[in-house]
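Results of the structural survey
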Amino acid sequence: MMKKKRNLNLVIFFVLITCAAFAQKQTVVVIKTANTNLIYKTDKDGVLKQSYFGKQLADAEIENVQVTKLDAYPAFGKSYVNEPAFRAVHADGNLTTELVYVKHETRELAKDIVLTRIQLKDKFYDLSVYLCFKAYQKDNIIEQWSEIVHEEKKDVTLFNFASSQLALDESSYWLTEFYGDWASEMNMREQQLSEGIKVLESKLGVRSNQFGHACFLLGVNGPAKENDGTVIGGTLAWPGSWQLEFEVDQSKNLRVISGINPFASQYILKPKEIFKTPALLYTISNSGKGEITRRFHSWARQYGIYKGDRSRVTLLNNWEATYFSFDDKILKQIIGDAADMGFDLFLLDDGWFGNKYPRNDDTAGLGDWDVNKKKLPHGLDSLLKESENKKIKFGIWIEPEMVNPKSELYEKHPEWAITAPHRDLDPSRNQLILDLSNPKVQDHVFSVVDNLLTKYPAIAYLKWDCNRYITNIGSSYLPADKQSHLWIKYTEGLLSVFNRVRAKFPEVRMMLCSGGGGRIDYASMPFFDEYWISDNTDALDRIFIQWGTTYFFPPIGLASHVSVVPNHITQRTTPLKFRFDVAMSAKLGMDLQPKDMTKAEKDFSRNAIQVYNGIKHIIQNGDLYRLLSPYESKRVAMMYTLPDQKEALVFSYLLKKEIYGDDQTLYLKGLDPKKLYTLKEINKAVDKYSWFSALEGKKYTGEFLMTYGVRFPMYNEFESVVFQVIAD
């Protein structure tokens with residue numbers, strides 16, 4: 001008996017020695033890009049701490065980085081009292097989790113991409129969280145997500161399941177959020193963070209960006225500046241409900257938690273099932289927020305938007321020209337005019353389908369994707385033939401996730417609509433949302449696209465719309481104990497359908513739309529060529545909308561259309577040149593009835609489209625520099641510079657009349673100081689004097705243009721000037 005007791009004491013002694021040795025052995029994990037280090041270190045208890053995030057350090061200096069008290073992925077339980085990244089109820093009812101470091105692995109996925117996976121595990125339970133990082137070396141972008149798995153005897157319920165936590169220990173933090181509503185998207189507002197929690201979130205489930213986008217800029221130790229200072233920028237790749245939390249504690253530490261909004265979304269995780277969160281994409285710049293923009297645009301053209309290396313097409317959409325009121329004759333007239341003006345594609349918008357319940361307005365027909373025989377007695381074939389004859393491509397609008405209660409689809413499958421039992425229907429825009437958590441509904445939505453593109457292979461373009469968010473939530477497919485899964489399973493089902501469509505139709509161009517900018521994110525955009533940021537086509541408003549949008553999302557896909565005046569939403573009247581100059585700063589299109597234009601307007605439009613085709617490669621592939629902000633000045637200026645510094649393009653707008661003229665200097669950016677550049681104005685107004693004329697054809701060095709700048713006055717409200725900067 002005494003011998004057994006001595007052996008037991010010996011075992012305990014060796015266990016204690018082993019634990020002490022483990023606690024003293026420090027692990028260092030470095031996530032590295034060309035200019036950035038994100039460093040994690042374990043403390044004496046084996047807890048992983050974020051110890052540094054900033055400008056790259058020399059490898060030999062990393063060992064000098066001190067371990068902080070900032071958990072890499074804090075879990076609810078024990079002594080942690082701040083907002084947790086992770087909270088779960090274990091199979092035995094235990095509310096707490098203690099995560100410690102187990103191991104990590106790093107491997108190169110491609111020449112420019114390095115994957116790191118860090119395993120954290122509960123001290124007692126067989127539950128692990130994997131922190132996953134893709135480091136895009138050249139673009140200095142980090143993509144971070146989490147994977148949660150367990151092998152407990154019964155299910156574990158997840159309540160908080162963040163994608164990431166970023167932590168900082170600085171003196172002050174300045175948050176820029178991107179907020180708005182329909183027709184007023186991507187407004188920017190900056191505020192200093194004080195002690196407590198600032199939460200940006202969406203609980204909408206679908207069209208989740210209607211009131212705000214899951215993006216942020218964070219000025220460190222001062223407001224975020226365009227060209228200098230430390231700034232962090234991040235955006236969550238997820239089209240469902242989302243949440244960004246910014247918590248400043250009493251010691252001035254900041255914790256940024258991102259991920260799926262956990263509200264009403266508790267998730268029952270089965271043993272061995274892997275729960276993968278969406279990714280936060282982020283970067284840190286020591287050269288201001290402008291550098292954040294250029295990194296995201298470069299990254300997006302390679303990884304974040306579909307076929308970012310191919311040129312985008314110009315199109316004319318009939319929506320603001322006709323709305324639902326059109327027939328075969330009207331559409332053929334618009335097709336002819338679009339071809340005559342030089343557009344690449346005609347887009348037929350809402351209203352082309354439904355027979356038992358004709359789609360004559362938004363009250364009926366949604367879900368019945370058969371061609372309306374009264375409006376289009378010769379079907380789509382006639383329109384496709386007309387487009388072929390006019391040598392213009394043809395595109396079409398769909399909204400396959402949605403259904404009108406007044407439709408044949410709803411009569412056949414009312415159980416496919418999202419709605420709560422024992423409650424009245426809650427339509428929005430007279431429509432309901434199809435339940436994409438249901439695999440049969442996923443198959444149906446895919447078949448809508450598949451049938452359309454298979455029957456009409458000449459369709460070259462799809463506008464995929466989504467015009468409402470979730471209310472009255474409930475799924476007839478999911479069991480009672482998993483109704484809270486709907487917020488997540490819908491989104492996963494949607495992305496699965498996107499993937500299936502792209503796999504079968506890789507060459508069809510697609511626009512991501514959601515009543516404007518209600519669904520703009522880097523989980524959806526890799527399947528789409530372009531995105532519609534706002535139904536508001538007013539040129540003045542678009543300057544602000546597109547200014548905010550381009551901090552994270554690339555101009556190559558930013559559809560911007562010239563529309564009629566007075567504008568249908570704002571009733572504002574602006575000059576045709578101003579409207580074109582704003583739309584040309586992104587991906588040019590048009591949304592009006594050409595037959596209502598004068599000959600002079602058509603001639604100007606035809607020339608502007610030709611001009612745009614000659615310079616769109618600069619906009620779609622160039623580095624964006626902001627020169628004068630609409631938030632700080634009545635005069636706005638921005639420019640694109642190609643990476644080889646051989647060409648640049650400058651846009652300048654005057655938003656309000658200046659009696660004595662606005663002569664602010666435009667200090668150009670991104671040029672080669674030693675190269676000689678020629679200035680050339682483009683898209684000039686007919687028979688009007690341009691104050692840029694004194695500079696026309698003049699040659700200057702890049703050094704001069706960036707140091708002395710370009711100087712010319714602007715006087716009139718909605719005056720605009722666009723000029724090229726061309727290296728000899």
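The coordinates are above.
Remember, predicted model here, so these are calculated numbers, not experimental data. (Residues numbered from 1 in each chain as written. Predicted model: local features only at pLDDT ≥ 70, side-chain atom pairs only at ≥ 80, totals over all residues. Heavy atoms only, no water.)

Considering the arrangement of structural elements, one finds Ser164 in strand β10 (residues 164-169). Engagement of the side chain of Ser164 in a polar contact is seen with the side chain of Ser258, the distance being 2.8 Å. Ignoring sequence-local partners within four residues, the contact set of Ser164 consists of Gln144, Val256, Ile257, Ser258 and Leu280. (Helix = DSSP H or I, 4+ residues; strand = E, 2+ residues; numbered from the N terminus. Polar contact = N/O pair within 3.5 Å; in protein donor to acceptor, adjacent residues only side chain to side chain. Contact = heavy atoms within 4.5 Å.)

What follows covers the environment of Asp424. The topology assignment puts Asp424 in the loop between α6 (408-412) and β25 (432-433). Judged by its relative accessible area of 69%, Asp424 falls in the exposed class. Along the sequence, Asp424 and Val725 sit 301 residues apart, while their C-alpha atoms lie 61 Å from each other. (Buried < 20%, exposed > 50% of the residue type's maximum accessible area, 1.4 Å probe, protein only.)

It is worth spelling out the nonpolar core at this point. The biggest cluster of nonpolar side chains holds 184 residues, and the ones touching the most others in it are Trp352 and Leu380. The greatest single-element share of this core, amounting to nine residues, is contributed by helix α8 (residues 486-504). Not counting residues within four places of it along the chain, the set of residues in contact with Trp352 comprises Phe326, Trp369, Asp370, Val371, Asn372, Leu376, Leu380, Ile396, Trp397, Ile398 and Leu452. In terms of nonpolar packing, the next biggest core, distinct from the first, is built from 23 residues, Leu628, Ala648, Tyr677 and Leu695 among them. (Core = buried A, V, L, I, M, F, W, Y, C linked by side-chain atoms within 4.5 Å.)

Bringing the pairing of strand β31 (residues 623-628) into the picture now. Burial analysis of β31 places five of its six residues in the buried class, the great majority of the element. With five bridges joining them, β31 and strand β32 (residues 635-641) adopt antiparallel strand pairing. Counted as the bridge partner of Arg626 is Met638 from β32. Counting the residues in the hairpin turn of β31 and β32 gives six residues. (Pairing = 2+ DSSP bridges.)

A pair of packed helices can be characterised by two numbers: the angle between their axes and the separation between those axes. In the contact formed by helix α9 (residues 539-549) and helix α10 (residues 576-583), the axes pass within 9 Å of each other and the chain directions differ by 15°. Classified by the angle their axes make, α9 and α10 are roughly parallel. For α9 against α10, the interelement crossing comes out left-handed. Note on element contacts: α10 touches α9 through Phe578, Arg579 and Val582, opposite Ala539, Leu540, Arg542, Ile543 and Gln546. (Axes fitted to C-alpha atoms, helices over the stretch in contact; angles between N-to-C directions. Parallel < 35°, antiparallel > 145°, perpendicular 65-115°, else oblique. Left-handed = near helix turned anticlockwise from the far one by under 90°.)

Below, the discussion takes up the packing of aromatic side chains. This model, assessed by the stated rule, comprises 42 aromatic pairs. Note on Trp369 and Trp397: the rings are 6.3 Å apart at their centroids and 45° apart in plane angle, and the pair reads as tilted. Pair noted here: Trp369 is in the loop between β22 (345-348) and α5 (379-389) and Trp397 is in strand β23 (residues 393-398), with a separation of 28 residues, a long-range link. The burial state of Trp369 is the same as that of Trp397; both residues are buried. Lying across the ring of Phe263, Lys203 places its NZ or CZ 4.3 Å from the centre. Directly above the ring of Phe326 sits Lys375, whose terminal nitrogen or CZ lies 4.7 Å from the centroid. (Phe/Tyr/Trp six-rings, centres within 6.5 Å; stacked < 30°, edge-to-face > 60°. Lys NZ or Arg CZ within 6 Å of the ring centre and 35° of its normal.)

Let us look at the sheet that holds β23. Taken in spatial order, the eight strands of this closed barrel run β21-β22-β23-β26-β27-β28-β29-β30, and their pairing is parallel. The average angle at which neighbouring strand axes cross in this sheet is 30°, direction not considered. Two elements, strand β26 (residues 459-464) and strand β27 (residues 509-512), share four bridges in a ladder whose sense is parallel. Bridged to Lys463 within β27 is Met511. Sheet strands in contact with helix α7 (residues 439-455) are β23 and β26, and its direction is about 155° off that of β26.

Geometric values such as these leave the question of function open.
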